[in-house]
Amino acid sequence: MGVQAIPLPEETGAGAALRRALVLLTCTSITFLYAMTVTIANVSLPQIQGALSATPDQVAWVVTANIVATAVATPLTGWLASRFGRRGVCNGCVTGFGAASLACGLADSLEQLVAFRVLQGAFGAPLVPVSQAIVLDTYAKRHHGPVLAIFGMGTIVGPIVAPIAGGYLSEAYNWRWVFYLIVPFAVAALAGSWLFIHDREARARVRLDWLGFLLLSAALASLQLMLDRGERADWFDSGEITAYAALAALGFYAFVVHSATGERPFLDPRLLADRNFTVGIVLIFVFGMLNFTPMTLLPPMLASVSGYPDSVIGFVLGARGIGTLVAFFVMIFASRLDPRAAIAAGFLLQALAGWQLARLDVNPGTADVFWPMALQGFGVGILWVSITMVTFVTLAPGYIAEGSAIYHMVRNIGSSIHISLSTTLAVRMARTSYAELAQNVSPYNEALAMPWVTGAWNANEAAGLAALAREVARQATMVGYLDAFVFFVVTSLAVLPLILLVRWKR
């Protein structure tokens, strides 16, 4: 079959076409593998929380640690490809990704799980950029449209399949099988990468600004630790949180100074001279804030408050992927229109979906959650295409690769920050609401003396008082989550004036 090298774009014949198809299939499977991991852990957060004795803010680390690791490692993609070759990056990262996924399933504590999720994010970060570069180099430019559509199916189908399959597996077995599910897909992707992906050109040495990379990594890690640990440690009354804040501020300051004065900095500040790119970076940051927040808040809310089984939680989370899939098809035709209108529509759809979620009661029906998630996914698809268009339309070709790395990094940072803030808000407001609701549990409350109102909530008996306390806690927890969804709506609407700064010429 002759798979010693990736065929050149101009090569013709059945053999070259078959080799290209095998490369495309392999790269799509690698993308599908990574896309699965982005959403598959969310469905099992309630089980993980119970099994590892974690609080809601602690179990959110399982998501945020992975996202931060991905954000930090993404800009390393170019250096890794130049140092080890694209084939070496694919083989090494898929292997490390599969091993980290297996280790996540075997973890015995929350600390171990978070550490392995960091490794999973770090190994997974280069997979999509490298795979996309291989696909673009394998096919001629006239074929890039349909080929990228096929390649993009991996990123769309993954978030649909992962939560549904993960929900059924975690319900039938336990949360560990959510991570075990990834391993056979990793083995299949590694086999394809080993057989069909080969470097065509000699490796070129690219210098990496290690000081800039380490400064940025330290600043992001300190910021994330501050946000994740803040509520539990009582924020700035704690020396630990104050130290994290100081390290984050110092790290960002040193990184900015180094980037402005360094000869070849990790991230070139000249990129910000392009107005559309700068505005697009802010827009994609807010997009990242909205992207995965509902996926993180809903599973623990539906499980702890409404008693949803994991399989149904996975089903309603899969609705988001379906909405994104529909939006991608719509944008094939709508991409000819002014993207500023599409961006405004996308953020308004996010706000509408968040508002619908913020109006749920403690016993929502499946449809009450399914359709807002589908709507949120539809808005995600519209925003992703439109923001990408306006961000790179005026950027010089020589800056595209570095600009793309910053683009994905900022998106992931936005996701981790907003998830941490939303989880903190939900926990704090639940605690406040419990204190307010508990004031009504009193012998002076006439409703508690009416047996047809109280039922099992008899405040004169220990069992009844315990049942009443559980119900107050359930109602307070729901209030906390609803307030977090209101925060989601406010974030969606606050960014709309920024769209006016985007320049667009047909």
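Treat the numbers as computed from the prediction; the structure is a model and nothing was measured.

Let us look at the overall build of the protein. A count of helices and strands for the protein gives 20 helices and zero strands. Buried residues in the protein amount to 53% of all 506 residues. Summarising the internal contacts of the protein: among those between residues at least 6 apart in sequence, 83% fall at separations of at least 24. Carbon and sulfur atoms form 67% of the exposed surface of the protein, whose accessible area is close to 22100 Å².

A word on the packing of helix 13 (residues 275–291) against helix 20 (residues 462–494). Between two packed helices, both the angle of their axes relative to each other and the distance between the axes serve to describe the pair. The geometry of helix 13 relative to helix 20 is characterised by a closest axis approach of 10 Å and an angle of 160° between their N-to-C directions. Classed by the angle they form, the pair helix 13 and helix 20 counts as roughly antiparallel. When the axes of helix 13 and helix 20 are compared, the crossing they make is left-handed. Contacts between helix 13 and helix 20 pair Val286, Met289 and Leu290 from the former with Phe488, Thr491 and Ser492 from the latter. Grouping the amino acids of the contact of helix 13 with helix 20 by side-chain chemistry returns four nonpolar, two polar and no charged.

On to the layout of surface pockets. Taken as a whole, the second largest pocket encloses approximately 480 Å³ of empty space. Forming the boundary of the second largest pocket are 17 residues, of which Phe255, Leu267, Leu272, Ile406 and Met409 lie nearest the centre. If you list the elements that add at least two residues to the lining of the second largest pocket, you get helix 12 (239–261), helix 13 and helix 18 (400–438). With five residues, helix 12 is the single largest residue contributor to the lining of the second largest pocket. The residue makeup of the lining of the second largest pocket, split by class, is 15 nonpolar, one polar and one charged.

Located in the positive-phi region is Ser53, a residue other than glycine, with phi close to 55°. Tracing the backbone shows Ser53 in the loop between helix 2 (45–51) and helix 3 (56–59).

Next up on the list: the environment of Ala65. The topology assignment puts Ala65 in helix 4 (residues 61–73). Residue class for Ala65 comes out buried when judged on its relative accessible area of 13%. Ala65 sits 53 residues away from Val118 along the chain, and the two C-alpha atoms are 5.6 Å apart. With residues up to four places along the chain from it excluded, the contact list for Ala65 reads Val114 and Val118.

So, on to the packing of aromatic side chains. Within the structure shown, the criterion is met by eleven aromatic pairs. Both rings, one in Phe32 and one in Phe185, keep their centres 5.5 Å apart while their planes meet at 55°; by these two values the pair is tilted. Separated by 153 residues along the polypeptide, Phe32 in helix 1 (residues 14–40) and Phe185 in helix 10 (residues 182–196) bring together distant segments of the chain. With a centroid separation of 6.3 Å and an interplanar angle of 90°, the aromatic rings of Trp79 and Phe84 are classed as edge-to-face. The exposure class of Trp79 is buried, given its relative accessible area of 18%. Through successive ring pairs, a cluster of aromatic residues spans Trp79, Phe84, Trp210 and Phe213. Here Arg87 stacks its cationic end above the ring of Trp194, 4.9 Å away from the centre of that ring.

Moving on, we come to helix 14 (residues 293–304). With twelve residues, helix 14 ought to run about 16 Å at 1.5 Å a step, and its terminal C-alpha atoms sit 17 Å apart, in line with that. Among the twelve residues in helix 14, ten count as buried, and that is most of the element. For helix 14, the complete set of buried residues consists of Thr293, Pro294, Met295, Thr296, Leu297, Leu298, Pro299, Pro300, Met301 and Leu302.

This part is about the packing of helix 13 against helix 16 (residues 339–358). Where helix 13 meets helix 16, the closest approach of the two axes is 11 Å, and the angle between their N-to-C directions is 25°. One finds that helix 13 runs roughly parallel with respect to helix 16. At the point where helix 13 passes helix 16, the crossing takes the left-handed sense. In contact with Leu283, Val286, Phe287 and Leu290 of helix 13, helix 16 contributes Ile343, Phe347 and Gln350.

Another point: empty space enclosed by the protein. Overall, the coordinates contain one cavity of 30 Å³ or more when judged by the stated rule. If you add up the space inside the largest cavity, you get close to 40 Å³. Those elements that place two or more of their residues in the lining of the largest cavity are helix 11 (210–230) and helix 18.

Of note, Ser420 is situated in helix 18. There is a polar contact of 3.0 Å between the side chain of Ser420 and the backbone oxygen of Ser416. Here Ser420 is in contact with Thr64, Gln224, Leu227 and Asp228, once residues within four sequence places are set aside.

You can see Val161 is positioned in helix 8 (residues 144–172). For Val161, a relative accessible area of 34% puts it in the partly exposed group.

The next subject is the nonpolar core. In this structure, Phe266, Leu283, Ile343, Phe347 and Ile387 are the most contacted members of the largest nonpolar core, which totals 77 residues. Contacts of Phe347, omitting those with residues within four sequence positions, involve Leu283, Val286, Phe287, Leu290, Leu383, Ile387, Ser492, Val495, Leu496 and Ile499. Ranked by size, the runner-up nonpolar core spans 26 residues in total, among them Ala319, Ala358, Phe370 and Ala484.

Tallied over the full model, the rule gives zero disulfides. Unpaired in this structure, Cys27 has its nearest cysteine sulfur neighbour in Cys90, at a distance of 6.2 Å.

A few words now on the side chain of Thr293. By the secondary structure assignment, Thr293 is in helix 14. Since its relative accessible area comes to 1%, Thr293 is described here as buried. Here Met289 takes part through its backbone oxygen, which lies 2.7 Å from a polar atom of the side chain of Thr293. Excluding anything up to four places from it in sequence, Thr293 contacts His418, Ile419, Ser422 and Phe488.

With that settled, the discussion passes to the confidence of the model for the protein. Predicted confidence across the protein gives a mean pLDDT of 81, with 89% of residues reaching 70 or more. Per-residue pLDDT, averaged within each element of the protein, yields its smallest value for helix 19 (residues 451–454) (60) and its largest for helix 16 (92).

What counts as what
Residues numbered from 1 in each chain as written. Predicted model: local features only at pLDDT ≥ 70, side-chain atom pairs only at ≥ 80, totals over all residues. Heavy atoms only, no water. Helix = DSSP H or I, 4+ residues; strand = E, 2+ residues; numbered from the N terminus. Buried < 20%, exposed > 50% of the residue type's maximum accessible area, 1.4 Å probe, protein only. Contact = heavy atoms within 4.5 Å. Areas by Shrake-Rupley, 256 points an atom, 1.4 Å probe, with all protein chains shown as cover. Axes fitted to C-alpha atoms, helices over the stretch in contact; angles between N-to-C directions. Parallel < 35°, antiparallel > 145°, perpendicular 65-115°, else oblique. Left-handed = near helix turned anticlockwise from the far one by under 90°. Nonpolar A, V, L, I, M, F, W, Y, C, P; charged D, E, K, R; others polar. 1 Å grid on protein atoms, 1.4 Å probe; cavity = no way out; pocket = protein on both sides within 12 Å on 5 of 7 lines; lining within 4 Å. Points joined across faces, edges and corners; volume = space filled by probe spheres on them. Phe/Tyr/Trp six-rings, centres within 6.5 Å; stacked < 30°, edge-to-face > 60°. Lys NZ or Arg CZ within 6 Å of the ring centre and 35° of its normal. Expected span 1.5 Å × (residues − 1). Polar contact = N/O pair within 3.5 Å; in protein donor to acceptor, adjacent residues only side chain to side chain. Core = buried A, V, L, I, M, F, W, Y, C linked by side-chain atoms within 4.5 Å. Disulfide = S-S within 2.5 Å. pLDDT = per-residue confidence, 0-100.

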